[in-house]
Amino acid sequence: MPTSMITVQRHILEQERANPHATGELTGLLWDLTIAAKVISHQVNRGGLADIFGGTGEANVTGDLVRRLDRIAQDTIYRAMDHGGHLCAMVSEESPDMIPIPAKFPKGPYVLLYDPLDGSSNIEANVSIGTIFSVHRRISTSGDGTQGDCLQKGSKQIAAGYFLYGSSTMIVYTTGQGVYGFTLEPSIGEFFLSHERILTPPKGKYYSINEGNVGAWDEPTRRYIEYLKQKDAASDRPYSLRYIGSLVADFHRTLLYGGVFLYPADCSNPQKPKPKLRLLYEVAPMAFIMNQAGGAATTGTQNVLDVQPSSLHDRVPIVMGSKQDVAVYEKFCVDSKRAPANFASDAH
Ligand code: AHM
Ligand code: MG
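My aim in this report is to walk through the structure given alongside it, one point at a time. (Residues numbered from 1 in each chain as written. Chains lettered and ligands numbered in written order. Predicted model: local features only at pLDDT ≥ 70, side-chain atom pairs only at ≥ 80, totals over all residues. Heavy atoms only, no water.)

### Topic: the overall build of the protein chain
Here is step 1 of the chain: Secondary structure summary: the protein chain contains nine helices and 15 strands in total.
Here is step 2 of the chain: Residue pairs at least 24 apart in sequence account for 63% of intrachain contacts in the protein chain once pairs closer than 6 positions are excluded.
Here is step 3 of the chain: By element, 51% of the accessible surface of the protein chain is carried by carbon and sulfur atoms, the whole surface being about 14,700 Å². (Helix = DSSP H or I, 4+ residues; strand = E, 2+ residues; numbered from the N terminus. Contact = heavy atoms within 4.5 Å. Areas by Shrake-Rupley, 256 points an atom, 1.4 Å probe, with all protein chains shown as cover.)

Below, the structure written as structure tokens:
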């Protein structure tokens, strides 16, 4: 049995009570999401059953193969969230356009942006995957939500979090009052507080990047990773590489142990850099969480939370993690010509 008896439901409620203007809508919204996650977790745990697997044969808007569990996760969240009266629109990584709330249901003050099942290329290897979510307050005044409600900077997020389907199922979330983690007790179906007020170490000793892409990295990233691999006992270098290729899992480890996660743009064509991760469903919510845990997140030139989205499926480069590690990366971006060795004394 868990030692803490604080359920996620009670925690969300108490956080909302701390805000004198709270209406209870956000509590209801997050509560509905946890129900969807329990259903998805159950399906993911049944993942060894052959009939769940296999592509649907369609490609999603970002060109990835839509796997069957992706679709189950997408539908589960939609069905859990469409009728609660908390939302005026939803947007998912798996759909090209906004997903309206059916006319027969009341509209609410929030929009929900989500990646229903991130890391799905790992499903068949039984690697941890997850659901990522981000909540904004609508800026339009009534009726159906608009694109403008969705295309808000990360700094405007009201809440963000993720569900991790791993050796146990977890929710990690923030409403701008710190980051908290809860672990699902599957026999009774409740998430219990297991990670009180998560704080990322100010500096880590791990880096997390798809190193197979080295030939396509920009110069600062290449020099930064070289620097992390150089021996220097005073700054705990060389760092160790940890990379799963599943954002929620790589992020969760970075959040708890510190260090840095990077997904830089593919700069094979320097005139047209191509980032991979999506601003609204992956990068902005993770940046909000990292920031609330005392870490940092940058595109290399800009704080991620200040990036103004221009379309629903914008992608940006991302470097996030321990504050000191991200600060060193930013120095490489400012002056990529500087010898890596000079950074040790500056940053540590
Ligand atoms: P997905 O949303 O289609 O699952 O893709 C996103 C995933 C992230 O989970 C992960 O960080 C990244 O893609 C891994 O990409 P790569 O295989 O190029 O390293
Ligand atoms: Mg994804």
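### Overview of the nonpolar core
Soluble globular proteins tend to bury their nonpolar side chains together.
Here is step 1 of the chain: In terms of nonpolar packing, the biggest core is built from 37 residues, with Leu112 and Phe133 touching the most fellow members.
Here is step 2 of the chain: Counting residues per element, this core draws most heavily on helix α2 (residues 25–45), at eight residues. (Core = buried A, V, L, I, M, F, W, Y, C linked by side-chain atoms within 4.5 Å. Buried < 20%, exposed > 50% of the residue type's maximum accessible area, 1.4 Å probe, protein only.)

### Things to note about the site of ligand 1
Here is step 1 of the chain: Near ligand 1, the surroundings consist of 16 residues, among which Asp118, Gly119, Tyr243, Leu247 and Tyr263 are the closest.
Here is step 2 of the chain: In the model, an oxygen atom of ligand 1 is placed 2.5 Å from a nitrogen or oxygen of the Tyr263 side chain.
Here is step 3 of the chain: Here the shell around ligand 1 gathers at least three residues from each of two domains, domain 1 (8–195) and domain 2 (206–345). (Near = heavy atom within 4 Å. Polar contact = N/O pair within 3.5 Å; in protein donor to acceptor, adjacent residues only side chain to side chain. Domains from an automatic or database assignment.)

### Observations regarding the coordination of the magnesium ion (ligand 2)
Here is step 1 of the chain: In this structure, Glu93 (OE), Asp115 (OD), Asp118 (OD) and Glu282 (OE) serve as the protein donors to the magnesium ion (ligand 2), at separations of 2.0 to 2.4 Å.
Here is step 2 of the chain: Linear spacing of the donor residues for the magnesium ion (ligand 2) on their chain is E-x21-D-x2-D-x163-E. Taken together, the residues Glu93 in the loop between β3 (87–92) and β4 (99–100) and Asp115 in strand β5 (residues 110–118) connect sequence positions 22 residues apart. You'll find Glu93 and Asp115 in the same group, each marked buried. (Donors = N, O, S within 2.8 Å, 3.2 Å for Na, K, Ca; no water.)

### Thoughts on the packing of helix α5 (residues 219–229) against helix α8 (residues 323–334)
Here is step 1 of the chain: Direction vectors running N to C along α5 and α8 enclose 135°, while the axes themselves pass 9 Å from each other. On the basis of the axis angle, α5 is oblique to α8. The handedness of the crossing between α5 and α8 comes out as right-handed. Across from Pro220, Thr221, Arg223, Tyr224 and Tyr227 in α5, the residues of α8 making contact are Asp325, Val328, Tyr329, Phe332 and Cys333. (Axes fitted to C-alpha atoms, helices over the stretch in contact; angles between N-to-C directions. Parallel < 35°, antiparallel > 145°, perpendicular 65-115°, else oblique. Left-handed = near helix turned anticlockwise from the far one by under 90°.)

### Some thoughts on helix α7 (residues 279–292)
Each full turn of the α-helix corresponds to 3.6 residues, which orients residues three or four apart in the same direction.
Here is step 1 of the chain: The element α7 is largely enclosed, with a buried count of 13 among its 14 residues.
Here is step 2 of the chain: Just downstream of α7 lies Gly294, where phi reads positive at about 90°.

### Details of the sheet that holds strand β9 (residues 179–185)
Here is step 1 of the chain: Across the sheet, eight strands lie side by side as β4-β3-β5-β6-β7-β8-β9-β10; this open sheet has mixed pairing. Two strands bound the open sheet, and with one partner strand each, they are β4 and β10 (190–195).
Here is step 2 of the chain: Summarising the sheet, strand β8 (residues 169–174) and β9 pair through five bridges and their orientation is antiparallel. Bridged to Ile171 within β9 is Phe182.
Here is step 3 of the chain: Lying on the sheet, helix α3 (residues 68–81) is in contact with β3, β4, β5 and β6 (129–137); it crosses β5 at an angle near 155°. (Pairing = 2+ DSSP bridges.)

### Here's the deal with the sheet that holds strand β15 (residues 318–321)
Here is step 1 of the chain: Taking strand neighbours across the sheet as the criterion, the five strands line up as β12-β11-β13-β15-β14 in an open arrangement whose pairing is mixed. Each end of this open sheet is capped by a strand with a single partner; those strands are β12 (240–241) and β14 (296–298).
Here is step 2 of the chain: Sheet topology places strand β13 (residues 260–263) next to β15; four bridges connect them, and they run antiparallel. What sits directly across from Phe261, in β15, is Met320.
Here is step 3 of the chain: Contacting β14 and β15, α7 crosses the sheet at an angle of about 25° to β15.

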